[in-house]
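Chain by chain, the residues run as shown.
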Amino acid sequence: MAGRAVIHIDIDAFFAAVELKKNPSYRGQAIIVGGDGDPAGRSVVSAASYEARSRGVTPGMTLKKAAKLCPDGVFLPVDFASYEAESDRFMNLVREYGPLVESFGLDEVFLEPELPEQADPIASGMEIAREIKSRIKRELKFTASAGVGPNKLLAKMACDLGKPDGLFSIAARDVDKLFAPMEASRLWGVGPRVDARLKELVINTIGEIAR
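Residues numbered from 1 in each chain as written. Predicted model: local features only at pLDDT ≥ 70, side-chain atom pairs only at ≥ 80, totals over all residues. Heavy atoms only, no water.

Enquirer: Mind showing me how you'd approach the overall build of the protein chain here?
Expert: Of the regular secondary structure elements, the protein chain holds nine helices and eight strands. By its C-alpha atoms, the protein chain is 55 × 45 × 25 Å across when sized along the principal axes. Within the protein chain, buried positions represent 45% of all 211 residues. For the protein chain, the computed accessible surface area is about 11200 Å², with 53% contributed by carbon and sulfur atoms. (Helix = DSSP H or I, 4+ residues; strand = E, 2+ residues; numbered from the N terminus. Buried < 20%, exposed > 50% of the residue type's maximum accessible area, 1.4 Å probe, protein only. Areas by Shrake-Rupley, 256 points an atom, 1.4 Å probe, with all protein chains shown as cover.)

Enquirer: When you look at the environment of alanine 155 in this model, what are you seeing that I'm missing?
Expert: Mapped onto the elements of the fold, alanine 155 is located in helix α6 (residues 152-161). Separated by 14 residues in sequence, alanine 155 and serine 169 have C-alpha atoms that sit 7.2 Å apart. The residues touching alanine 155, leaving out its near neighbours within four places in the chain, are Val6, Ile7, His8, Gly147, Val148 and Gly149. (Contact = heavy atoms within 4.5 Å.)

Enquirer: Looking at this structure, I do not really get the packing of helix α1 (residues 14-22) against helix α4 (residues 80-95). What am I missing?
Expert: A pair of packed helices is captured by two measures, namely the crossing angle of their axes and the spacing between those axes. Across the interface, α1 lies against α4 with an axial gap of 10 Å and an inter-helix angle of 95 degrees. As summarised for this structure, α1 and α4 are arranged roughly perpendicular, according to the angle between their axes. Of the residues in α4, those in contact with Phe14, Phe15, Val18, Glu19, Lys21 and Lys22 of α1 are Phe80, Ser82, Tyr83, Glu86 and Ser87. Of the residues contributing to the contact of α1 with α4, the split by class is five nonpolar, two polar and four charged. (Axes fitted to C-alpha atoms, helices over the stretch in contact; angles between N-to-C directions. Parallel < 35°, antiparallel > 145°, perpendicular 65-115°, else oblique. Nonpolar A, V, L, I, M, F, W, Y, C, P; charged D, E, K, R; others polar.)

Enquirer: Is there a simple way to think about the nonpolar core in this case?
Expert: Counting 39 residues, the largest nonpolar core has Ile9, Phe90, Ile132, Ile136 and Phe142 as its most contacted members. Among the elements of the structure, β1 (6-11), α1, β2 (31-33), β4 (74-76), α4, β6 (108-111), α5 (121-140) and β7 (144-149) are those that each provide at least two residues to this core. Among the elements that make up this core, the one with the highest residue count is α5 (seven residues). If sequence neighbours within four positions are ignored, isoleucine 132 has contacts with Ile9, Leu93, Val94, Tyr97 and Leu111. (Core = buried A, V, L, I, M, F, W, Y, C linked by side-chain atoms within 4.5 Å.)

Enquirer: Explain the sheet that holds strand β5 (residues 101-103) to me, please; I cannot follow it from the model alone.
Expert: Across a sheet, strands are paired by hydrogen bonds formed along the backbone, either parallel or antiparallel in direction. Pairing within the open sheet is mixed, and its five strands lie in the order β5-β6-β1-β7-β8. Since the sheet does not close on itself, it has two edges, and those belong to β5 and β8 (167-169), each with one partner. With strand direction ignored, the average angle separating the axes of adjacent strands in the sheet is 15 degrees. The pairing of β7 with β8 spans three bridges and is parallel. Note that in β8 the partner of glycine 147 across the bridge is phenylalanine 168. Lying on the sheet, α5 is in contact with β1, β6, β7 and β8; it crosses β7 at an angle near 170 degrees. (Pairing = 2+ DSSP bridges.)

Right, here's the structure in full:
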């Protein structure tokens, strides 16, 4: 029986990508999506294109602060109906590759494909992920990042390492070498509060967590 491969697919800057698909004239501009789209209001950023992120705009930031960082940005209201419609198309495409599919929000999904006997799981997973990425670009007009690993954690972290529009794999034998020196905050699930507590315990890297 073939080993296990899990694929994680994440559409890059999804809300902003949907807005760009709706209005291609926004290409190359800093797209910021949040609330009713009024930067003078009290809403927060729900999503930002990579052009906006490169200037310091992050999800959860107030639109007022985003406007100071990016005064020439394109500020748009949240359009959940459009995002859900595009998400359905994305999920239906991924489901063509096997029944073991788990959605993770509107724009992320885990897939565990059924592999042929004697297949190299990581190599086979990479081939499938590459095909899915290609179809997303061709059929849905989005770019997506993908990661392949022997479990969900490693697939998710591989995907994050390849953003944006990347494809990255992590085999079990490479975990220590790759992750041990990384900051603890890079571990999926370690947020600011947990990271602060780890620092109090003088635990700064993923390798130190493992030990």
